[in-house]
Amino acid sequence: MLTRPLTRLGGKTVSIVQEMGRMLLFLLGTFTWLFRPPFRPFQVLKQLHFIGYKSMFVVILTAAFTGMVLALQGYYSLRKFGSEGLLGSAVALSMIRELGPVLAALMVTARAGSAMTAEIGIMRITEQIDALDTMAINPQQYLIAPKVVAGLIGVPLLVAIFDVVGIYGGYLVGVDLLGVSAGSYWSSIESAVEWKDVYGGILKSISFGLLITWVCCYKGYYTRMSAEGLGTATTQAVVLSSVLILVWDYFLTSVLL
Amino acid sequence: MIKLVGVEKRLGGQQVLNGIDLTIPEGKLTTIIGRSGGGKSVLLKHIIGLLQPDRGEVWVDGVDISHLKSNALNEVRKRFSMLFQSAALFDSLTVFENVAFPLREKLRLPNEEVTRRVEEKLEQVGLSGMGHKFPAELSGGMKKRTGLARALIMEPEIILFDEPTTGLDPLMAKTIHDLIIAMQRRFRFTAVMVSHEIPEIFSISDWVAMLKDGKIAVMAPTAEFQQTTDPDVREFITVGGTVPLLVNR
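Predicted, not measured: the structure shown is a model, and the values here were computed from it. (Residues numbered from 1 in each chain as written. Chains lettered and ligands numbered in written order. Predicted model: local features only at pLDDT ≥ 70, side-chain atom pairs only at ≥ 80, totals over all residues.)

Undergrad: Sorry, what's going on with the sheet that holds strand E9 (residues 207-212) of chain B here?
TA: Residues and elements named next belong to chain B. Strand order in the open sheet formed by six strands is E6-E7-E8-E3-E9-E10, with mixed pairing between adjacent strands. The outermost strands of the open sheet, each flanked by one partner alone, are strand E6 (80-83) and strand E10 (215-221). Neighbouring strand axes in the sheet, compared pairwise and without regard to direction, differ in orientation by 15° on average. Alignment of strand E3 (residues 29-34) against E9, held across five bridges, turns out to be parallel. Pairing of Ile-32 across the sheet is with Ala-209, part of E9. Its contacts with the sheet place helix H1 (residues 40-47) against E3, strand E7 (158-162), strand E8 (190-194) and E9, and it is angled at close to 155° to E8. (Pairing = 2+ DSSP bridges. Helix = DSSP H or I, 4+ residues; strand = E, 2+ residues; numbered from the N terminus. Axes fitted to C-alpha atoms, helices over the stretch in contact; angles between N-to-C directions. Contact = placed C-beta atoms within 7 Å.)

Undergrad: Looking at this structure, I do not really get unusual backbone geometry. What am I missing?
TA: A negative phi angle is the norm for most residues apart from glycine, just as the trans form is the norm for most peptide bonds. The omega angle of the peptide bond from Pro-37 of chain A to Pro-38 of chain A is 5°, so this bond is cis rather than trans. Inspection of the secondary structure assignment puts Pro-38 of chain A in the loop between helix H1 (3-34) and helix H2 (41-51). Of the consecutive residues Ile-198 of chain B and Pro-199 of chain B, the connecting peptide bond is found in the cis state with omega at 10°. You can see Pro-199 of chain B is positioned in the loop between E8 and helix H7 (200-204). One non-glycine residue, Ala-87 of chain B, adopts positive backbone phi at about 75°. In this fold, Ala-87 of chain B is placed in the loop between E6 and helix H3 (95-107). Unusually for a residue other than glycine, Glu-163 of chain B sits at a positive phi of about 45°.

Undergrad: What is the right way to read the confidence of the model for chain B from this model?
TA: Atom-level detail of predicted coordinates should not be read off regions where pLDDT is low. All names here are of chain B. Model confidence for chain B is summarised by a mean pLDDT of 89, while 96% of its residues fall at 70 or above. Here residues 242-249 is a poorly scored stretch, pLDDT under 50, and it has zero contacts once near neighbours within four places are set aside; other chains count. Of the two predicted TM-score estimates for the complex, the pTM is 0.88 and the ipTM is 0.88. (pLDDT = per-residue confidence, 0-100.)

Undergrad: Explain the sheet that holds strand E2 (residues 14-24) of chain B here, please?
TA: Strand pairing in a sheet relies on backbone hydrogen bonds. The paired strands run either parallel or antiparallel. Residues and elements named next belong to chain B. Across the sheet, four strands lie side by side as E2-E1-E4-E5; this open sheet has antiparallel pairing. Two strands in the sheet have a free side with no partner beyond their single neighbour: E2 and strand E5 (63-64). Here strand E1 (residues 2-11) runs beside strand E4 (residues 55-60); their pairing, made up of five bridges, is antiparallel. Among the inter-strand pairings, Leu-4 is bridged to a residue of E4, identified as Val-58.

Undergrad: Could you clarify how one ought to interpret the environment of Gly-56 of chain B in this entry?
TA: Residues and elements named next belong to chain B. Its place among the elements puts Gly-56 in strand E4. Residues Gly-56 and Ile-237, 181 residues apart in the sequence, show an inter-C-alpha distance of 29 Å. Look past the residues within four positions of Gly-56 in its chain and what remains in contact with it is Leu-4, Val-5, Gly-6, Val-7 and Glu-8.

Undergrad: Any chance you could explain the nonpolar core here in plain terms?
TA: Grouped burial of nonpolar side chains is what soluble globular proteins tend to show. With 127 residues, the main nonpolar core has Ala-104 and Val-108 of chain A together with Leu-160 of chain B as its most contacted residues. Tallying contributions element by element places helix H4 (residues 87-125) of chain A first for this core, with 16 residues. If we skip the residues at most four places from it in the chain, Val-108 of chain A touches Ile-51, Ser-55, Gly-113, Val-155, Leu-158 and Ile-212 of chain A. (Core = buried A, V, L, I, M, F, W, Y, C linked by C-beta atoms within 7 Å. Buried ≥ 20, exposed ≤ 12 C-beta atoms within 10 Å, placed from the backbone.)

Undergrad: For this particular structure, what's the right way to read the interface of chain B and chain A?
TA: It is common to report an interface's size as the accessible area lost on association of the parts. Every contact between the two is made by 16 residues of chain B and, on the other side, 11 residues of chain A. Counting only elements with at least two residues in the side of chain B that touches chain A, the list comes to helix H2 (70-77), E6 and H3 of chain B. Grouping the amino acids of the side of chain B that touches chain A by side-chain chemistry returns eight nonpolar, four polar and four charged. (Nonpolar A, V, L, I, M, F, W, Y, C, P; charged D, E, K, R; others polar.)

The following block contains the structure:
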């Protein structure tokens, strides 16, 4: 009787390790196909349009309000120490180092990641992936590799847009509404932000782009053959991607700082 | 020639294939019949390497494909096409693009040549002028015909048909059967079809095999198959064949 929970725990642990192994093999397989011809630049552009361009609206909206609320909170905190002039650097550093990469990645997960899982999952259920196989076209090369490349390119670009819009959102509230001087807002950014902050943000966003496309494509590719299975796969993809983004962000930040 | 030797497969804790020994004659239409859920589609997927057997071998012209790596398997698959039960059309592409897909991906032909070949195939399956439609706008029969055109476009040596008439009305089923047999007689490809359509399949098949309990119970030329004394096969084909008589009464 005592061994039953242990057996269950052991079984669960083994299945988690197996799943992780399968995920790693899926990623390695995709990378292998990435460098083999035929190359499909049009497919990459199509995915870039889907992941990047179509996510712009939600990213810009999130960035503007994040920058605005950051300026609002930052202004009242800094005013207690008479340092309102540092508002620009506070907003910019928060945006470039943390909020830009993390929030943009979470938005891409919610908008494009879930759609990727659903699309690939439906293709699996309706045998479209098997059809590719029968035509001697590797589905990982045709379907997954362009999405991964688009994620690696698209997410950093979205993060760059997020950072710029967020800083301008902060400017709008800090300078136009709360009366911080425009000169001190920009000059504090210029003096506080270093290349390594920007570089760290880019590095994070590239790794998040890989993480989102990897997890979401994997979950769709190996979805169970039912509508319920597809729903579960989509939920798991979004939850796992979001959690991994936050966990990976912590580890990357601790290395970069 | 396609040859399966002692193929076994277990799926979801159930023994689906239990020692399949089967030789598919070249240039002929062989139909595999059997009960629903009996493993006919699983067998078909083994022939094209979509599934690997737990035990046994699958030989395609002297090559055992059961343990081939991805690249080598793709080389063998270039000789195949498959018409899926659901047609498996790419829903984001039009009928024309679906049929053109293998040409564009595998042969990289100029656009004029692709257009010529696709329109020719669409005409052969009776879908002229339907190229602009998306799969969601098609009836079941039109989807199957599009799938058939896509399967034929590369002029493969072997075509697998997974229940090509399931879900279609009798007239449309006959149209699809007539198309398959007309194409097979014209291009002389090796055809393997999984079907429940008894007695219709007897008029189009060269060979018939029956799958029972994960094994091939009987395989013979069609006329000989219809005379078999195996009681299970007799029961299966008689029930299928007597339905129209019951309706006529």
